[in-house]
Amino acid sequence: MRRLRILVLMHAELVPPDSLEGLPEEEWNRWKMEFDVLAGLESLGHEVIGLGVEDDLRVIRNAIEAHQPHLVFNLLMHFHDAGVYDSAVVSYLELLRVPYTGCNPRGLLLAGDKALSKKVLAYHRINAPRFALWRRGKQVQRLPSRLRFPLIVKSASEHASTGISQASIVRDLDQLAERVAFVHRSVGTDAIAEEYIEGREVTISVLGNERLTVFPPWELSFDSLPRGAQPIATARVKWDRKYQRKVGVHTGRAEDLGPELEQRLPRLARRIFRALDLSGYARIDLRIDAEGRPWVLEANPNPDLCFGEDYAESAETTGIPYASLLQRICGLGLGYRAPWKG
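Each value, and the rule that gives it
- Residues numbered from 1 in each chain as written.
- Predicted model: local features only at pLDDT ≥ 70, side-chain atom pairs only at ≥ 80, totals over all residues.
- Heavy atoms only, no water.
- Salt bridge = Lys/Arg side-chain N within 4 Å of Asp/Glu carboxyl O.
- Helix = DSSP H or I, 4+ residues; strand = E, 2+ residues; numbered from the N terminus.
- Buried < 20%, exposed > 50% of the residue type's maximum accessible area, 1.4 Å probe, protein only.
- Phe/Tyr/Trp six-rings, centres within 6.5 Å; stacked < 30°, edge-to-face > 60°.
- Lys NZ or Arg CZ within 6 Å of the ring centre and 35° of its normal.

**Student:** Could you give me a rundown of the pattern of salt bridges, with the residues and numbers involved?
**Tutor:** In this structure the tally under the stated criterion is 17 salt bridges. The shortest N-O distance in the salt bridge between K154 and E298 comes to 3.6 Å. Pair noted here: K154 is in strand β5 (residues 151-155) and E298 is in strand β13 (residues 294-301), with a separation of 144 residues, a long-range link. The exposure classification of K154 matches that of E298, with both residues buried. In this structure, the salt-bridge partner of R241 is E309, at a minimum N-O distance of 3.3 Å. Here R241 is found in helix α9 (residues 241-247), whereas its partner E309 is found in the loop between β13 and α11 (310-316), with 68 residues between them in sequence. By relative accessible area, E309 is classed as partly exposed at 25%. Each of K118, K154, E194 and E298 takes part in one network of salt bridges that share partners.

**Student:** Just give me the short version of the packing of aromatic side chains, but keep the residues and values in it.
**Tutor:** For the coordinates displayed, the defined rule picks out four aromatic pairs. Centre to centre, the rings of F215 and Y311 are 5.8 Å apart; their planes meet at 80°, and the pair counts as edge-to-face. Here F215, found in the loop between β9 (212-214) and β10 (218-222), pairs with Y311, found in helix α11; they are 96 residues apart in sequence, far enough to count as distant. By the burial criterion, F215 is buried, and Y311 matches it. Positioned above the aromatic ring of F182 is the side chain of R179, whose terminal nitrogen or guanidinium carbon lies 4.0 Å from the ring centre.

Given below as structure tokens:
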């Protein structure tokens, strides 16, 4: 690929310094992905312009007019503090006729709405837990007849395990009502409750637009969870390094899945990617129950691109080092057939 001029969009509070030297891990962990992507793109010889974005689209337009980038590398996860608006920012880039990395607006919208995505998956006969949705302001009066406890309660639209803790798993109506109210109050979104699937926490990473590359299944494991705690990806598990060390969080290639699942999971990941009209790169989150059945929890377009984290590590096992992964993502962004391209 030729040398590109790349505008990297990131949240203003996550713009990293030029060096990590002398900074404690607790400080740089927040913006490690942004640092890694900027450094990785520069190592490939590209001209890289980092741009911190808050709540003003004019900042993006002004930077595009000033720098005339060949490509926008999109690291934004929300806008106006709302996860559902990530698709609006990408739509804006399409209206400006600027190529960008990652998922297209329709895929972001479908995958970002957890209730809608489950309905789409059900249409395609893809196995997902049964669920119910409570809009903001609506209280839990009863358990829908199709649901069975235990349930796990989440934000219907926020990413990165926002609002998820051990208390998210509920086992009676009172706990359900309390947790739904918590999501409404503390996260500020609709709440979704889905049947909790006991089993292995597995993710599958996908790269591509029309032609898809599926990386090996990756598993989240714990060495020393407290008694009674469930092995779920809470916000602390994902972001609190001290807590990760305390409970022995580790991820790696999912072993002993058996030949049937090893063949089935990549096909399933491709079906989900296409059913939700995703593009660029995504991570599919699954649970494998005691009978070996995969249950789709959600699809995550534009997942964490930190060096050494799950997506990059699973790519590495297939012979794609970090810089090459970034290069491929850039190529997919340039090659995506957006409507404005005709």
